[in-house]
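Here is what each chain is made of, one letter per residue.
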Amino acid sequence: MVANRLPVRRTRGSGGEWLTSPGGLVSALSPALREVHGSWIGWTGVAGAVPKPFDHDGIRNVPVELSAREIEDHYEGLSNSALWPLYHGCLRPPEYHRHWWRSHVAVNGRFAQCAAELAPPGASVWVQDYHLQLVPGMLRALRPDLRIGFFLHIPFPPRELFAQLPWRQQVLEGLLGADLVGFQAALGARNFRALVERFTDGRGERGVINFRGREVRYGHFPISIDFEAFDTQAHTDAARQRSAEIHDQIGDGRRILLGVDRLDYTKGIDIRIRAFRELLASGAIDPHECILVQQAVPSREHVGAYQELKAEVERQVGEINGEFATLGAPVVHYLHKSLPQDELVPLYMAADAMLVTPLRDGMNLVAKEYVACRPDERGALVLSEFTGAANELRQALIVNPYDIDGLAERIRQALALPEVEQQRRMRAMRDAVRKHDVHRWARVFLDQLAETYV
Ligand code: GDG
């Protein structure tokens, strides 16, 4: 496995102990990796010298070093200020700097070199996400014997946007080094084929691209969550009790709207708060009867666009509470921190309506986690049509988040949804996620990779 981050974090500084990171990717891929005594190559998240490879929880962790300069240029720069906004529909103007690109090439080269040295003959290597799109091509050049998979977790943009990337050909050729390239949605896969045909000498048929005498398969593999794990946790007494406590803390009978996101401009947090404010202002929602809890995990705090978003969201929260709160009873509870998993699950369980309103999102796991945490078959999901999850969770209240009136109306509907209707929709969505969980996602991708001809 080759990913930007290792599947472990250090508790405190460089002397702390390693803990497995929470998250679907780690829990989906770890069992398969353990079985074959595989290695996970990734960055530790801090600058400078890295520890030697070490075993943790049955997996060999192989840290890759990034200097402080490379974190600025490759990670915060090229990855998160060029590729991230470009791939998310240019919600912020991408910036292109040649020194960022040089650093990006160097870092991708280091990951590829590390994989080339480590992989046994004929092994399968699975590369993850937009930070490492050059790795498949580089690795193929070093180790033509390997079977290489690549999965992109974010949307793959259409030609009119991707074409602006000064290094479009290098990126496409990097991806074409893989035997199998996976996307979250069919649209991304179609964009990939069209771009390959426009900017490289690759030629496609359905699901296969012929590139310089090799066959590169591509397709969509919508990622999912560990349904069982969330569902099991939601059945525990501790989670039920905590969920009841949250209701008590918030006040008698008040309904809870919930948002859970990384604090990212793709997630539509500001739009959601604006729609909520309009509902309060028009009197459609009574501030004594309903509150919004917005959990916002700090993210990419050194990138300017993220600092601006944080300031804007905090301004909005201040304004709305200033206007509609009463002593001891805010209308928006804003948490800017990462909550432990055993706090997140009760929050999902307590929410009368979950607001998932990204302007663009590869999948959105939060939407799937919410339904997995509702064995009571209660609650309503308001879901942006611009998420990958909307392709599967058809019984959500689907919304165009750019339409503020439409969004406000959907929130109102969610709060008014009759119990039988909540149950009908929730049951169908839970079935969908239960069937297509993250284990199945990994299995389908790896099976298809195993069938590719090397
Ligand atoms: C990228 C793509 C794609 C959130 N707050 C807390 C917390 N979280 C966890 C959630 C969820 C994860 O973070 C967020 O996942 P998303 O899918 O919603 O979004 P991205 O971070 O943007 O992920 C996305 C995903 O990759 C996978 O391919 O779906 O489209 O953008 O799991 O639960 N977890 C804890 N405390 C929090 O406060 N423990």
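A. Up close: the domain arrangement of the protein. Per the domain assignment, the segments making up the protein are domain 1 (2-224 + 439-451) and domain 2 (228-435). Spacing between the C-alpha centres of domain 1 and domain 2 amounts to 30 Å. The partner domain 2 presents 21 residues to the 20 residues of domain 1 that form the contact. When domain 1 packs against domain 2, close to 1700 Å² is buried across both sides, 60% of that on carbon and sulfur atoms. Our enumeration of links across domain 1 and domain 2 arrives at 0 salt bridges.

B. Representation of the side chain of Asn 61 within the structure. Of note, Asn 61 is situated in strand β6 (residues 59-64). We classify Asn 61 as buried; its relative accessible area is 1%. At 3.3 Å, the side chain of Asn 61 forms a polar contact with the backbone oxygen of Ile 59.

C. Region of interest: the site of the ligand. Around the ligand sit 22 residues in total, of which His 153, Gln 295, Leu 339, Asp 361 and Glu 369 are the nearest. Within the contact set of the ligand, an oxygen atom lies 2.7 Å away from a side-chain nitrogen or oxygen of His 153. In isolation the ligand has 730 Å² of accessible area, and contact with the protein removes 84% of it. Counting residues per element, the ones that place at least two in the shell around the ligand are β13 (255-262), β14 (290-297), α12 (341-350) and α13 (365-372). Its residues placed into classes, the shell around the ligand shows 10 nonpolar, 7 polar and 5 charged. Counting residues domain by domain, the shell around the ligand receives three or more from each of domain 1 (2-224 + 439-451) and domain 2 (228-435).

D. Focus on the packing of helix α9 (residues 237-250) against α12. Running from amino to carboxyl end, α9 crosses α12 at an angle of 60 degrees, the nearest separation of the two axes being 8 Å. Relative to α12, the element α9 is oriented oblique. For the element pair α9 and α12, the recorded crossing hand is right-handed. Facing α9, whose interface residues are Ala 239, Arg 240, Arg 242, Ser 243, Ile 246 and His 247, α12 presents Glu 343, Pro 346, Leu 347, Met 349 and Ala 350. Looking at the contact of α9 with α12 residue by residue, the class counts come to 6 nonpolar, 2 polar and 3 charged.

Criteria and cut-off values
- Residues numbered from 1 in each chain as written.
- Predicted model: local features only at pLDDT ≥ 70, side-chain atom pairs only at ≥ 80, totals over all residues.
- Heavy atoms only, no water.
- Domains from an automatic or database assignment.
- Contact = heavy atoms within 4.5 Å.
- Buried area = accessible area lost by both parts, 1.4 Å probe.
- Salt bridge = Lys/Arg side-chain N within 4 Å of Asp/Glu carboxyl O.
- Helix = DSSP H or I, 4+ residues; strand = E, 2+ residues; numbered from the N terminus.
- Buried < 20%, exposed > 50% of the residue type's maximum accessible area, 1.4 Å probe, protein only.
- Polar contact = N/O pair within 3.5 Å; in protein donor to acceptor, adjacent residues only side chain to side chain.
- Near = heavy atom within 4 Å.
- Areas by Shrake-Rupley, 256 points an atom, 1.4 Å probe, with all protein chains shown as cover.
- Nonpolar A, V, L, I, M, F, W, Y, C, P; charged D, E, K, R; others polar.
- Axes fitted to C-alpha atoms, helices over the stretch in contact; angles between N-to-C directions.
- Parallel < 35°, antiparallel > 145°, perpendicular 65-115°, else oblique.
- Left-handed = near helix turned anticlockwise from the far one by under 90°.

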